[in-house]
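In case you want the letters, here they are:
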Amino acid sequence: MAVNLVIVESPAKAKTIEKFLGGDFTVKSSFGHIRDLSKKNFGIDIENGYNPQYIIPDDKKKVVEDLRKSAKNARMVWLASDEDREGEAIAWHLIEVLELKPEKVKRIVFHEITQEAIKKAIANPRPVNMELVNAQQARRVLDRLVGFELSPVLWKKVKPALSAGRVQSVAVRLLVEREREILAFKSSSGYRVTARFEVTTGKNEKSEFKAELPVRFPDREKAMQFLRKCSGAVYLITDVSTKPSKKSPSAPFTTSTLQQEAGRKLGFSVAQTMALAQRLYESGKITYMRTDSLNLSGSAISAAAEHIKSEFGEKYLKVRKYKTKSKGAQEAHEAIRPTYMEHKIGGNNPNEQRLYELIWKRTIASQMSDALMEKTNVTISISNAEENFVASGEVLRFDGFLKVYIESSDDEQEENGKGLLPPLQKGDRPVALNVTATERFTQHPPRYTEASLVKKLEELGIGRPSTYAPTISNIQNRGYVIKEDRPGTERKYTVIELDRSNRISEDVKSEVTGKEKAKLFPNDIGMVVNDFLMDHFNDILDFNFTASVEKEFDDIAEGKLSWPEMIDKFYNPFHRKVEDTLETTERNKGERYLGIDPKSGKNVYVKIGRFGPMAQTGDSDADEKPKFAALRKDQRLETITLEEALELFTLPRKIGLYEGKEVFAGIGRFGPYIRHDNKFVSLKKDIDSPYTVELDRAIELIEEKRRAEREKIIKEFDKPEGLSILKGRWGPYISYKKKNYKIPGDIDPETLESDDCMEIIGNSREKPAKRKPAGKTKKRK
């Protein structure tokens, strides 16, 4: 038995660390937290003080038992969980649960898993920092308080099985408010005027360039008036100004900037980015990935400098030290960077390698020279008009850090860059090849992506590096928000052109507008819950409150604030408000009155029902019971019209007779369908609609399914009844009494008879089902 036991929080991290330690060390994993707050009583007792009650979950009891045995036989226990607050809390829990004596335990921290870092940590152990532990306890208790007290309010006042959270509810608020800005937005059009000019240079060569009018015309008539002025006009270059400019590289990655850039450049979700970064860290490829520090160690800067000089030359090197601007930065002591700068490639699969490359390039670029550019602006007067055209160009004089890395942007309106201009001089008289006025439309504020939502949360001081990914995953998993693409709609626009012969032509073209890719949309439940919480708990959803709570956690971590005092100050008024809301408020179903059904004369509403958004005809207190219909996935409570709601009640729709039996079209649990002879056939997505599908098309789909089922049958047996051999996605199988049985791979299914099938079924029944270990169950997609 080794005399030293090292405990970390993950098996992958344990495996990497073990490579760097000698035979005197055994490295084991706690598999994360080994205990958590009790859900029944987590210690909030106002009268008798605070004593959080922790329990060991059932799936951790064997882990704890194994660690206790190992710790008992070890001379020294080294707690090497991560160096943030959560890691500090894990170390403290281990001391408590394993009942480790102070003289037998040492706490070590490192922000990269390298031999040098681990040896340095072992040489410099420290006690567990209880102030960091208290900050983590305060966060956990406060978040449980908000969730455990607010969620039951939502169950009773909105809909069962809902949840609320201190940070997640604020994130939903941001998305709801942006969605309502978009719904309220009224687009207006104007005319953008551009011109294509030709100029003769000193070498008698002709060159073309583009220019634009700095102002836009509000309507077609004014754009047309301007083009008429340009007819026969003479153009003169009245000014040419050239200014040098520079662009500096971005700082190395923090958690939030890595999540943002991986989303923009690689298309990764926030959760995917963090999972990949976790694996890169645990395999020793990058430094700790939950950080809001911009600092790079001296050795990392030196290694980057050596690489830049050898790869690109001295002029590309500019050593930089970045200062952290984030409020309360505390998670780690360095930015995210490769552990070894000389390794350009890292990771065990393509996605890990792509993320590693992004981190490597960003780190190297942060220590490189500025990019030097030259910007030129040319003013062109019009003889018949007061307005001037302006042409802009940009020349890259020295690429600097751009040789390695260009940062992406969330700005959907950002220009792709300015083109080059030919040699132009004041006094030149360019000729207009054409002048074009194009109708352009104002655009609504952009919807949030996961990356831009992280950026906004960070700007507001809401959450910390360790909370961004779980927050964004939670609001999607809870069903408040959906991430999806939307195709957009076609829109007409007008183009008016004055050609070189001074003729004006007009054309109407079309474009797709409103197309969205991987955007976050709040759904009806999210909007109704947000409205309820804003009406009754607006202080919890206040941006300043959420940010100030984070500041208080920072104060606890620095020993400036007692965490029980902080909880006490928050909990008393909050608890009173919860009780008052439960007693005095009515249920909030997000009900919206749409109008009167012209056929029945009944009122029509939409609201949140037990199973989700629905439409209702008739009133609950009327003699005749109201009718209900579920809203389609693409319909929203706030935007559905009376006509669209009434259409929902036309289903299921009888569309005719086939083989003497009725055929219906409807929408069910698994989507739109045709029903005939008590059998269901799915309608084709984006092709068929249950509201319009005709009998001929329904018959075509019914027969198509029958053919597929016939082709699926390999053999059918009369006895026993219901026994058959079928083709499946994963190969042939036996079907009997609504259960399926695998046919061994060495058996030809065509040769099987009834008795052979029953023998295979009998053997399958005798084999005990394989049980998956706890925590390893895969969710079906």
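This text goes with the structure placed above it.
Residues numbered from 1 in each chain as written. Predicted model: local features only at pLDDT ≥ 70, side-chain atom pairs only at ≥ 80, totals over all residues. Heavy atoms only, no water.

### Considerations on the overall build of the protein
Link 1 in the chain: Each helix and strand in the protein was counted, giving 19 helices and 30 strands.
Link 2 in the chain: When its C-alpha atoms are laid out on the principal axes, the protein stretches across 95 × 85 × 70 Å.
Link 3 in the chain: Counting every position in the protein, which comprises 781 residues, the buried fraction comes to 46%.
Link 4 in the chain: Within the protein, contacts between residues separated by at least 24 positions form 69% of all contacts whose residues are at least 6 apart in sequence.
Link 5 in the chain: Accessible surface computed for the protein: about 42,700 Å², of which carbon and sulfur atoms make up 48%.
Link 6 in the chain: Once the 135 positive and 120 negative side-chain charges of the protein are each reduced to a mean point, those two points are 3 Å apart. (Helix = DSSP H or I, 4+ residues; strand = E, 2+ residues; numbered from the N terminus. Buried < 20%, exposed > 50% of the residue type's maximum accessible area, 1.4 Å probe, protein only. Contact = heavy atoms within 4.5 Å. Areas by Shrake-Rupley, 256 points an atom, 1.4 Å probe, with all protein chains shown as cover. Lys, Arg positive; Asp, Glu negative; His and termini not counted. Charge placed at Lys NZ, Arg CZ, Asp CG, Glu CD.)

### Section: the pattern of salt bridges
Link 1 in the chain: In total, this model carries 62 salt bridges according to the counting rule given.
Link 2 in the chain: We note a salt bridge from Lys-309 to Glu-306, for which the minimum N-O separation is 3.6 Å. In this pair, Lys-309 and Glu-306 are both assigned in helix H10 (residues 298-311), 3 residues apart and thus about one turn of the helix distant.
Link 3 in the chain: Given the relative accessible area of 33%, Lys-309 is considered partly exposed.
Link 4 in the chain: A single salt-bridge network, built from bridges that share partners, covers Glu-9, Lys-13, Asp-82, Asp-84 and Arg-290. (Salt bridge = Lys/Arg side-chain N within 4 Å of Asp/Glu carboxyl O.)

### Side note on the packing of helix H6 (residues 168-184) against helix H12 (residues 450-459)
Link 1 in the chain: Contact pair H6 / H12: the axes reach a minimum separation of 11 Å and the direction vectors enclose 115 degrees. For H6 against H12, the interelement crossing comes out right-handed. Along the contact surface, H6 presents Ala-171, Leu-174 and Leu-175, while H12 presents Leu-453, Lys-456 and Leu-457.
Link 2 in the chain: Of the residues belonging to the contact of H6 with H12, the class tally is 5 nonpolar, no polar and 1 charged. (Axes fitted to C-alpha atoms, helices over the stretch in contact; angles between N-to-C directions. Left-handed = near helix turned anticlockwise from the far one by under 90°. Nonpolar A, V, L, I, M, F, W, Y, C, P; charged D, E, K, R; others polar.)

### What about the pairing of strand E24 (residues 661-668)?
Link 1 in the chain: Bridge count between strand E23 (residues 653-658) and E24: 5 bridges; the pairing is antiparallel. Residue pairing in the sheet places Gly-656 in a bridge with Val-663 of E24.
Link 2 in the chain: Adjacent in sequence and paired antiparallel, E23 and E24 are bridged by 2 residues, among which Glu-659 carries a positive phi angle near 60 degrees.
Link 3 in the chain: Across 6 bridges, E24 lies against strand E25 (residues 671-676) in antiparallel orientation. Each residue of the ladder has a partner; that of Phe-664, found in E25, is Arg-675.
Link 4 in the chain: In sequence, E24 turns back onto E25 through a hairpin of 2 residues. (Pairing = 2+ DSSP bridges.)

### Description of the packing of aromatic side chains
Link 1 in the chain: All told, the structure shown has 16 aromatic pairs when counted by the stated rule.
Link 2 in the chain: Taking the centre distance of 5.9 Å and the plane angle of 50 degrees together, the rings of Phe-312 and Tyr-316 count as tilted.
Link 3 in the chain: Assessed through its relative accessible area of 22%, Phe-312 is described here as partly exposed.
Link 4 in the chain: Connected via pairs of aromatic rings, a cluster forms that spans Phe-197, Phe-209, Phe-217, Phe-226, Tyr-235 and Phe-389.
Link 5 in the chain: One residue, Lys-265, lies across the ring of Tyr-405, its end atom 5.0 Å from the ring centre.
Link 6 in the chain: Directly above the aromatic system of Tyr-493 lies the positively charged group of Arg-440, at a separation of 4.9 Å from the ring centroid. (Phe/Tyr/Trp six-rings, centres within 6.5 Å; stacked < 30°, edge-to-face > 60°. Lys NZ or Arg CZ within 6 Å of the ring centre and 35° of its normal.)

Function cannot be inferred from these measures alone, as they are strictly geometric.
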